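Secondary and tertiary structure notes
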Amino acid sequence: MELKNLILSFFLLFLLVGISSTTAASTGKIKVRRPCKRLMFYFHDIIYNGKNSKNATSAIVGAPAWGNRTIMAGQSHFGDMVVFDDPITLDNNLHSTPVGRAQGFYLYDQKDIFTAWLGFSFVFNSTRHKGSINFAGADPLMNKTRDISVVGGTGDFFMARGIATLMTDAFEGEVYFRLRVDIKLYECC
Amino acid sequence: MELKNLILSFFLLFLLVGISSTTAASTGKIKVRRPCKRLMFYFHDIIYNGKNSKNATSAIVGAPAWGNRTIMAGQSHFGDMVVFDDPITLDNNLHSTPVGRAQGFYLYDQKDIFTAWLGFSFVFNSTRHKGSINFAGADPLMNKTRDISVVGGTGDFFMARGIATLMTDAFEGEVYFRLRVDIKLYECC
Amino acid sequence: MELKNLILSFFLLFLLVGISSTTAASTGKIKVRRPCKRLMFYFHDIIYNGKNSKNATSAIVGAPAWGNRTIMAGQSHFGDMVVFDDPITLDNNLHSTPVGRAQGFYLYDQKDIFTAWLGFSFVFNSTRHKGSINFAGADPLMNKTRDISVVGGTGDFFMARGIATLMTDAFEGEVYFRLRVDIKLYECC
């Protein structure tokens, strides 16, 4: 009788471990859709227009034949390429203490509507965050929200992958804009 | 006798589950090489040459000191940077109804042979596909086929990763080319 | 007595397999921090300055309004965009036989300090390595070492992801620099 019980309890334990290990294995394969990390930031872009060299955080560095480097080109700025080093803040105030820098480039790439393509990084070097998040993707900026890819990360964001949802939070003439960035990482380490 | 049999069957069952759980675990690690999604498209690029502003889908926006923005530079176009918004079609006909837009940039980066580097997205917004696929990589375009990376995706292509095999399907002077893109995703969601 | 021993050994075996299968399962989920592949290279960049067209491996193709394409711009070269096709070597000697080419672009994107953003590929076509590794990320080049992302790969580096640690190995005026690249892949196939 004792032996039977022992065997029975073995059997139950066995099943349990079997099930749990299978579950663990499959979570390694099928990615869960809930972000493992979520971060919200704003960044602020002030384009150089020939007069604002002190405040400007970005500058046109490439333009089509019909454009120049102090005025955004016609045809929805098609072909304008901009390099930027923008402050990142936790709220939507340009004058808040920056928590990092958004650095890289964007280019306008549609003639009939404002649409951009972005390649840039969020660079952090504070007690809160150390490391970088790398982004790439299309930004059809007339849409209320649009998604780009998190293609990698370093430091605190080692091997990160995910999605960043962009929202234009402010747009003032052709000089200043502010983007809200809702970062959802689905691969964290 | 009964007990021995019970123990033996336990043992066999045990081995079986052990093996299967190990297999499940390793498939979470070693990616299977068969694509989870495969898509084939064409895209069409008509470069602005100073005269074709109506039809052009791309424009030179950066060039080396010896180049300009209406004629491709000497030395295999080294340094020419082009922004594009090209129609994507299902077949190789420029006049087929586009199913999306290929948007981003390419640059020529070798002096002795035609070679490019690409950063762009396929942007879809139809009943068939909604979302974007983001690409980056070297395009040694004199090779019959060449592979670039799918570095991410959004919408229907959420978290996609994989390879895109490019093939030049047509090349007419220095104004028009057509690429066939065979997209093989190895990570889908 | 024999039976008890048998059961005990069962139990021990059971625990062992349980533990090992759990470990296998979790490596599928939690990435191990040891690289699955590690590679070390150097690459060499000689910027075109109007006089060195024979030796130059890179050229300024975009610049801010205050810059030009033969002299690096003021304000820490902010806005200068450079296209390159640099030889990759195994040691730090510019004249060693190249094992591949580093091709793509970098841009300077900070006004008060030298900082760059990189998008490029290592392209290999030898018996040793065939395929490409694609990189993107911020390069705060005044730091002794800095990490960028490996966002993908093709051929021998199919589906690769990881980190590349850059170190400036030499910097001569504004014409030549040499980077050491320590590539650590955490996803290999």
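Keep in mind the model is a prediction, meaning the values are calculated, not measured. (Residues numbered from 1 in each chain as written. Chains lettered and ligands numbered in written order. Predicted model: local features only at pLDDT ≥ 70, side-chain atom pairs only at ≥ 80, totals over all residues. Heavy atoms only, no water.)

For the rest of this paragraph, the subject is the side chain of Asp 109 of chain C. Positionally, Asp 109 of chain C belongs in the loop between strand S4 (100-108) and strand S5 (116-125). No salt bridge is formed by the buried Asp 109 of chain C; the nearest opposite charge belongs to Arg 101 of chain A, separated by 9.0 Å. Here the side chain of Asp 109 of chain C touches Gly 104 of chain A through a polar contact of 3.3 Å, landing on its backbone nitrogen. Contacts of Asp 109 of chain C, omitting those with residues within four sequence positions, involve Val 83, Phe 84, Asp 85, Gln 103 and Gly 104 of chain A together with Phe 78, Thr 115, Ala 116 and Trp 117 of chain C. (Helix = DSSP H or I, 4+ residues; strand = E, 2+ residues; numbered from the N terminus. Buried < 20%, exposed > 50% of the residue type's maximum accessible area, 1.4 Å probe, protein only. Lys, Arg positive; Asp, Glu negative; His and termini not counted. Salt bridge = Lys/Arg side-chain N within 4 Å of Asp/Glu carboxyl O. Polar contact = N/O pair within 3.5 Å; in protein donor to acceptor, adjacent residues only side chain to side chain. Contact = heavy atoms within 4.5 Å.)

The next thing to look at is the pairing of strand S8 (residues 161-172) of chain A. Residue and element names in this part refer to chain A. Both strand S7 (residues 145-155) and S8 contribute to a ladder of 6 bridges, which runs antiparallel. Residue pairing in the sheet places Thr 145 in a bridge with Met 167 of S8. What sits between the antiparallel neighbours S7 and S8 is a turn of 5 residues, in which Met 159 has the positive phi angle 65 degrees. The pairing of S8 with strand S9 (residues 176-187) spans 11 bridges and is classified as antiparallel. The partner of Gly 162 across the bridge, within S9, is Leu 185. Taking the residues that link successive antiparallel strands as the turn, the S8-S9 hairpin has 3 residues, and the phi of Gly 173 there is positive, at about 55 degrees. (Pairing = 2+ DSSP bridges.)

Let's shift gears to the side chain of Ser 96 of chain C. Residue and element names in this part refer to chain C. Structurally, the position occupied by Ser 96 is in the loop between strand S3 (81-89) and S4. Ser 96 sits in the buried class, given a relative accessible area of 18%. In terms of polar contacts, Ser 96 uses its side chain to reach the side chain of Asp 91, at 2.6 Å. Apart from residues no more than four positions distant in its own chain, Ser 96 is found in contact with Thr 89 and Asp 91.

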